[in-house]
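One-letter residues, chain by chain:
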Amino acid sequence: MQLELGISPCPNDTWIFFALANKKIDMPFDITMYMADVEDLNIRARKGDISATKLSVAAMTDCLDDYILLRTGGALGRGCGPIVVTKQDTCFQSAREADKKVAIPGKLTTANMLLSLNNSLKGERVEMLFDQVMPAVQSGAVDAGVVIHEGRFTYENFGLKKVLDLGQWWENTTNLPLPLGAIAIRRDLGMEKARQLEKAIRASLSYVQQHPDEATAYIKEHAQEMDDAVIKEHIATFVNEFSMELGADGEYAIQLLLEKAFELAGKPMPDLPVFVTD
């Protein structure tokens, strides 16, 4: 069997999937890696034309009929959510401030959904690739930007200020970790294939934890704009105990976020299992 697996070029993904992508572990079947921005992965999943992929949890509102989530390999945790940045301090309490133009890293992203749930910013949203958001705020093309990935650690380099932490807002509101991304696999591939992929991803993460130096060149190849300190901080922030196994809190957090996402989308949540079963 040939399975195409989509991941992002971000260090947390290239760290987790290094051993799998480079065949350092036993493979249950042939896996071809497809690497792209998370919104590109969301769109491919929405079309249903990729076997398995990392995607924004919020994007499952368009994919739950066709895809089921794995309990490993995702991005979920505390202190790791998207932030809103501007060139000047502002609190968005007035209607004038709330109507500012804001850049988002894709309408299907969890970051954009959190912005809607928070409802502090009601102005025009401008879609762009995640790495274009901070330069757009810096140049004045937009008034604010929703920053994800390594932007959480580098926004001050652009002379920007953090005015809202959407991840902290979610944690304070729900007392749960924030689900950002997850690994989804097509339901029609069957539960056995899904379990085999889960096992392979766990083996890949275990391998890199035991041989961290082997992954350095691969990670830097796909994150060329980052220095070593940012890469290290990125991995430490986005790879945690939930990466290996969601556990009860992780599953509940995803279930709650999905319910809110479907409610926001104005459509019923399908009566289907969300996670691969044992």
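Refer to the preceding data block for the structure.
Conventions we followed
- Residues numbered from 1 in each chain as written.
- Predicted model: local features only at pLDDT ≥ 70, side-chain atom pairs only at ≥ 80, totals over all residues.
- Heavy atoms only, no water.
- Helix = DSSP H or I, 4+ residues; strand = E, 2+ residues; numbered from the N terminus.
- Rg over C-alpha atoms; globule rule 2.2 N^0.38 Å.
- Buried < 20%, exposed > 50% of the residue type's maximum accessible area, 1.4 Å probe, protein only.
- Polar contact = N/O pair within 3.5 Å; in protein donor to acceptor, adjacent residues only side chain to side chain.
- Salt bridge = Lys/Arg side-chain N within 4 Å of Asp/Glu carboxyl O.
- Contact = heavy atoms within 4.5 Å.
- Core = buried A, V, L, I, M, F, W, Y, C linked by side-chain atoms within 4.5 Å.
- Axes fitted to C-alpha atoms, helices over the stretch in contact; angles between N-to-C directions.
- Parallel < 35°, antiparallel > 145°, perpendicular 65-115°, else oblique.
- Nonpolar A, V, L, I, M, F, W, Y, C, P; charged D, E, K, R; others polar.
- Pairing = 2+ DSSP bridges.

A. Structural context of the overall build of the chain. On a plain count of helices and strands, the chain comes out with 13 helices and 11 strands. Relative to a compact globule of 278 residues, whose C-alpha radius of gyration would be 19 Å, the chain shows 18 Å and is just as compact. Oriented by its inertia axes, the alpha-carbon framework of the chain measures out at about 55 × 45 × 30 Å. Buried residues in the chain amount to 54% of all 278 residues.

B. Region of the structure containing helix α3 (residues 38-47). Listing the buried residues of α3 in full gives V38, E39, L41, N42, R44 and A45. At the N-terminal boundary of α3, the capping side chain belongs to D37, with an oxygen 2.9 Å from the backbone nitrogen of E39. Within two residues after α3, G48 carries a phi angle of roughly 75 degrees, on the positive side.

C. Spatial organisation of the pattern of salt bridges. Scanning the entire structure with this criterion turns up 13 salt bridges. Of the charged contacts, one joins R44 and D49 as a salt bridge, the two residues approaching to 3.1 Å between their closest N and O atoms. Salt-bridge contacts for R152 lead to D165; the nearest nitrogen and oxygen are separated by 3.0 Å. One end of the pair, R152, is in helix α7 (residues 151-154); the other, D165, is in strand β10 (residues 161-165), and 13 residues separate them in sequence. With respect to class, R152 is no different from D165; both count as buried. A single network of salt bridges, built from pairs that share partners, joins E4, R44 and D49.

D. Just the side chain of D165, in detail. Owing to a relative accessible area of 15%, D165 belongs among the buried residues under this scheme. Here G167 takes part through its backbone nitrogen, which lies 3.0 Å from a polar atom of the side chain of D165. Among all residues touching D165, those that are not within four sequence positions of it are G81, P82, I83 and R152.

E. Inspection of the nonpolar core at higher detail. Core analysis: the biggest nonpolar cluster contains 47 residues, and M60, L69, V84, L115, V146 and I254 have the highest contact counts within it. Sort the elements by how many residues they give to this core and helix α13 (residues 247-265) lands first, with 7 residues. Discounting residues that sit within four places of it in the chain, M60 has contacts with L55, Y67, L69, A184, L258 and F262. With 34 residues, the next largest nonpolar core counts L5, F18, A52 and I235 among its residues.

F. Up close: the packing of helix α5 (residues 110-118) against α13. Their axes nearest at 11 Å, the elements α5 and α13 cross at an angle of 70 degrees. Put simply, α5 runs roughly perpendicular to α13. Between α5, through T110, M113, S116 and L117, and α13, the contact on the second element is made entirely by L257, K260, A261 and L264. Among the residues making up the contact of α5 with α13, the classes are represented as 5 nonpolar, 2 polar and 1 charged.

G. Looking closely at the sheet that holds β10. Ordered by their spatial adjacency, 5 strands build an open sheet running β8-β7-β9-β6-β10, and the pairing between neighbours is mixed. This sheet does not close on itself; its edge strands, each paired only once, are β8 (125-127) and β10. For this sheet, the mean inter-axis angle between neighbouring strands, taken without regard to orientation, is 30 degrees. Note: strand β6 (residues 83-86) against β10, 4 bridges, orientation antiparallel. Along β10, the bridge assignment pairs V84 with L164. Contacting β6, β7 (102-104) and β9 (144-147), helix α6 (residues 130-139) crosses the sheet at an angle of about 160 degrees to β9.

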